[in-house]
Amino acid sequence: MDDVGGRPIKQILEGLDAASEEEFASLSKLLQEFTDIPTIDKAWTFKSETEGGSSAMFLISQPDLLSNKMRKSILSSHILQKSNNSVSFHWAPFPIEMTGVSAVVPSPSGSKLLVIRNSEGDSPTHFEIWDQSQVKKEFAIPRSIHGSVYSDGWFEGISWKLDETVIAYVAEEPDSPKPTFSSFGYKKESTADKEFGSWKGQGDWEEDWGETYAGKRQPALFVIDICCGEVRAVTGVGRDLSVGQVVWAPSVEDQQYLVFVGWPSTRKFGVKYCSNRPCALYAVKAPSFISEASATSNAADSLIINLTQSISSALFPCFSQDGKFLVFLSAKSAVDSGAHLATDSLHKIEWPSDGNLGPFLKIIDVVPVVMCPEDGCFPGLYCSKFLDKPWLSDGHTMVLSSVWGSTQIILSVDVLSGQVSRISPNNSDFSWDVLALDGDNIIATCSSPVDIPEIKYGSRVEKISVDAKWSWQDVVTPSTKCSERVLSSLGSLQFDIIKIPVRGHSENLPKGASKPFEAICVSPKCKKPELHYPLIVILHGGPHDVSVSSFTKSSAFLASLGFGLLIVNYRGSLGFGEEALQSLPGKVGSQDVDDVLTAIDHAIDKGLADPSKIAVVGISHGGFLTTHLIGQAPDKFAAAAARNPVCNFALMVGTSDIPDWCFFEVYGSEGKSIFTESSSAENLALFHSKSPISHVSKVKTPTLFLLGARDLRVPIYDGIQYARALKENGVETKVIMFPNDVHAIKRPQSDFESFLTIGAWFKKYCR
């Protein structure tokens, strides 16, 4: 009989009995408590009228599972310097939620705040100018002028002019005209608006920048006068350049230039996670708002100047406080070799005091690429951004975060001498990230795989110098609280960074590739000698990326389930010098696989794992390694989980936004020069032989696949083909498809379900 009483019918998830469902529910409650931990994304500091004090503003994010969005809020604090050199933070009673906010940018003086709200569909973009008490100005910029403002962290560039009257920024160019049709056919004259009785065609397809940029219009430069809301496009920049990271140059004799990064737009390979796309710094005269005649004159005379013709990459332009030099980061090692990420270098240009710019300004090396660091020494720069205000008061020392082996650390760089100093404690295996400078003091976060992020306040013990000592104080903050159960779980764990000798390496290897690689090991504090714990091997993607010793909610959750963690930074990872990184291309599927197996054997020998209860999980290239490992070592793993894995180069090369990556990683150094859009039969044969799919017939391990249907980097067909092959061979296989997720699978609900399912899958097969 049908249930017509309105009572819900209890449903059991497929594949779960009542007991398993109860455990699934219990795991979900624990994961929810980890998910609720807020993250501090960014901070700004402001001078305070109170003597000896300043104020700070922190941008905090937290997943909102019900809305499937990130909830962002601002939390403010007054910072009071005490006479005994200690510091106290006086926090606002509550954070303020920033609903619908795309970007927040304080003015140079801190007296104004720009808030940008990008709208969906055909709605305008809103600019709000705030003072300390209210909204002073609000402007709606229609899509006929430009689309959404870029706030992606890459093309993104929002820069206040020093006098705080004009803002330069990067936004999507306006929509291009589309053909209009009616019942009488094509209409010769049409408008951008929708017309009754007609419809818009698609027009020419235009290539975008791949992963996470699908449907985004080309980035272009604009300036807005915040007094009247007038917006002008920056003229002189053709559509052959995609622009980003714009800053104002110092004003010289009434000449006002904008400096920006330009990427050639002839063939747009995927740029997300890929700094190997050639780019340069350009200068262009800023539009004037003085008069219409002046604007017309400027448009006619506007020419862009390539400032960095002699180097293949220039990113994150940053002027010194006195305007005497322009500092920038370069990914030339990545561009020149073909690696998607590599060791960075730092450079500067002495800015002409007479404003006479030309294409042959001298580029001076500040921090070169480090090929093979000596043990315990600086391994090179691995920096993904600069602070908005990175300078100490001497005007030539900048503070930044970088990777050093398996940790993130804080460095100071003297751009006059090129001296690099480690500011975060030398004896700390925790990871540190600089948030903002407070005068000559530093506000940073510090965390580990088993310690949630805490705010630290760094002060120099002595005057600014290469060898200056820094002291660090703990800052009590309401934003880093978590549940008692999470604290108890984390309190029972410990972590260590272990060095693992390369096994059976060839004498032909360069010195940097022969050195030990590292792994981060998480284990119970009170290990019983007679007990061996199940182990999860966690593998980062890239392959030229790195897992650092910072807090990650998903990994901490898995460790709280009773698993040890082995987070492997195989050779080819960032943070260990360029020789080690460049040793992997051409050897993927062998050298990296061997390194992971060596790390696992090392952990077993140290008594850190039960050899019969080892699971492995990885995303992207980490998924490539996961599916390679269960094929090459079929008796080693009790369970596996692959997130958007690379399983078949031969399939990926024709569908990915980075087909050049396939050539480089498979062929090595020659891959860049032999890349072609039309792979030959010989190419495809080699791609197949280097892929996990070539070992699929040997797999026995129960395997979980988590796939993002909108992934342009490793399209879902890779994972689906491999999963179907496993099912064909009778291997226990489970696939979860997230219809609206891209490569990272980071939408809150998708991230939650992913790691809940991974935890349950591993507990099922590693009991």
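Values in this document were obtained by computation on a predicted structure and should not be read as measured data.

### Details of the state of the cysteines
In the structure shown here, the tally under the stated rule is zero disulfides. With no disulfide of its own, C372 has C377 as its nearest cysteine by sulfur position, at a separation of 10 Å. Between C482, a cysteine without a disulfide, and C446, which holds the nearest cysteine sulfur, the sulfur-to-sulfur distance is 15 Å. Judged by relative accessible area, which is 18%, C482 ranks as buried.

### Regarding the packing of helix 1 (residues 18–35) against helix 4 (residues 484–491)
Between helix 1 and helix 4, the shortest axis-to-axis distance is 9 Å and the interhelical angle comes to 90°. Accordingly, the angle class assigned to the pair helix 1 and helix 4 is roughly perpendicular. Contact residues: K29, L30, E33 and F34 in helix 1; R485, V486 and L490 in helix 4.

### Concerning the side chain of T445
Considering the arrangement of structural elements, one finds T445 in strand 29 (residues 441–448). Judged by its relative accessible area of 13%, T445 falls in the buried class.

### Section: the packing of aromatic side chains
What describes a pair of aromatic rings is the distance from one ring centre to the other and the angle between the planes of the rings. Under the criterion given, the structure shown has 32 aromatic pairs. Seen from their ring centres, F89 and Y457 are 5.8 Å apart, and the 75° between their planes marks the pair as edge-to-face. Taken as a pair, F89 in strand 4 (residues 87–91) and Y457 in strand 30 (residues 451–460) lie far apart in primary sequence, 368 residues in all. Its relative accessible area of 11% is what places F89 among the buried residues. These aromatic residues form a ring-pair network of at least three members: Y150, W154, F155, W209, Y213, W263, F316 and F386. Looking at R267, its charged tip hangs above the ring of F269, at a distance of 4.1 Å from the centre.

### Considerations on the packing of helix 1 against helix 6 (residues 553–560)
The interhelical angle for the contact between helix 1 and helix 6, taken along N-to-C directions, is 140°, at an axis separation of 10 Å. One finds that helix 1 runs oblique with respect to helix 6. As helix 1 runs across helix 6, the sense of the crossing is right-handed. On helix 6, the residues touching L27, L30, L31, F34 and T35 of helix 1 are K553, A556, F557 and S560.

### Quick notes on the pattern of salt bridges
With the rule as written, the count across this model stands at 33 salt bridges. Note that D595 and R571 form a salt bridge whose closest N and O atoms lie 2.8 Å from each other. Here D595, found in helix 8 (residues 591–605), pairs with R571, found in the loop between strand 35 (564–569) and helix 7 (578–582); they are 24 residues apart in sequence, far enough to count as distant. Given a relative accessible area of 8%, R571 falls into the buried group. One connected set of salt bridges, linked through shared partners, spans E173, D175, E206, R217, R239 and K268.

### Things to note about the environment of G589
Structurally, G589 can be placed in the loop between helix 7 and helix 8. Assessed through its relative accessible area of 10%, G589 is described here as buried. Considering only alpha carbons, one finds G589 and L629, 40 residues apart in sequence, at a separation of 8.8 Å. If we ignore the near neighbours within four places in the chain, the residues touching G589 are F624, H628 and Q632.

### Thoughts on the nonpolar core
Ranked by size, the top nonpolar core spans 77 residues in total, and within it L258, V259, L307, L346, F386, M398 and V415 carry the most contacts. Ranked by residues supplied to this core, first place goes to strand 18 (residues 257–264) with six residues. Among residues more than four places away in sequence, those in contact with L346 are V327, F328, L329, I364, D365, V366, V367, L381, F386, M398, V413 and V415. The next biggest cluster of nonpolar side chains, apart from the first, holds 58 residues, and it includes V568, Y570, F687 and Y722.

### Quick word on the confidence of the model for the chain
The share of residues in the chain with pLDDT of 70 or more is 94%, and the mean pLDDT across the chain is 92. Across residues 1–5, confidence stays below pLDDT 50; counting only partners more than four residues off in sequence or on other chains, it has one contact.

### Observations concerning the sheet that holds strand 6 (residues 103–106)
Strand order in the open sheet made by the four strands is 6-7-8-9, with antiparallel pairing throughout. Taken across any chain shown, the strands that pair with only one partner, and hence form the sheet edges, are strand 6 and strand 9 (135–141). With strand direction ignored, the average angle separating the axes of adjacent strands in the sheet is 15°. Across four bridges, strand 6 lies against strand 7 (residues 113–117) in antiparallel orientation. Bridge pairing in strand 7 links V105 to L114.

### Re the sheet that holds strand 27 (residues 420–422)
Reading across from one edge, 25-26-27 is the order of the three strands in this open sheet, with antiparallel pairing throughout. With partners counted over all chains shown, the strands left at the sheet margins are strand 25 (397–404) and strand 27, one partner each. Strand-to-strand twist across the sheet, computed as the mean angle between neighbouring axes with direction ignored, equals 35°. Taken together, the eight bridges between strand 25 and strand 26 (residues 407–414) define a ladder with antiparallel strand orientation. Bridging from a neighbouring strand, W404 pairs with T407 of strand 26.

### Let's talk about unusual backbone geometry
Residues G542 and P543 are joined by a peptide bond in cis, for which omega reads 15°. Topologically, P543 is positioned in the loop between strand 34 (535–539) and helix 6. The phi dihedral of Y273 is positive, around 65°, even though this residue is not glycine. Relative to the helices and strands, Y273 is located in the loop between strand 18 and strand 19 (280–285). One non-glycine residue with positive phi stands out, namely N644, at about 40°. You can see N644 is positioned in the loop between strand 37 (639–643) and helix 10 (649–652). Residue N644 is classed as buried on the basis of its relative accessible area of 1%.

### Some details on the UniProt feature "domain: Peptidase S9 prolyl oligopeptidase catalytic" (unreviewed entry) in the chain
Mapped onto the present numbering, the UniProt feature "domain: Peptidase S9 prolyl oligopeptidase catalytic" (unreviewed entry) falls on residues 550–765. Across residues 550–765, the secondary structure splits into 44% helix and 13% strand, with the terminal C-alpha atoms separated by 28 Å.

Calculation rules
Residues numbered from 1 in each chain as written. Predicted model: local features only at pLDDT ≥ 70, side-chain atom pairs only at ≥ 80, totals over all residues. Heavy atoms only, no water. Disulfide = S-S within 2.5 Å. Buried < 20%, exposed > 50% of the residue type's maximum accessible area, 1.4 Å probe, protein only. Axes fitted to C-alpha atoms, helices over the stretch in contact; angles between N-to-C directions. Helix = DSSP H or I, 4+ residues; strand = E, 2+ residues; numbered from the N terminus. Parallel < 35°, antiparallel > 145°, perpendicular 65-115°, else oblique. Contact = heavy atoms within 4.5 Å. Phe/Tyr/Trp six-rings, centres within 6.5 Å; stacked < 30°, edge-to-face > 60°. Lys NZ or Arg CZ within 6 Å of the ring centre and 35° of its normal. Left-handed = near helix turned anticlockwise from the far one by under 90°. Salt bridge = Lys/Arg side-chain N within 4 Å of Asp/Glu carboxyl O. Core = buried A, V, L, I, M, F, W, Y, C linked by side-chain atoms within 4.5 Å. pLDDT = per-residue confidence, 0-100. Pairing = 2+ DSSP bridges. UniProt positions renumbered as here; feature names shortened; annotations may be inferred.

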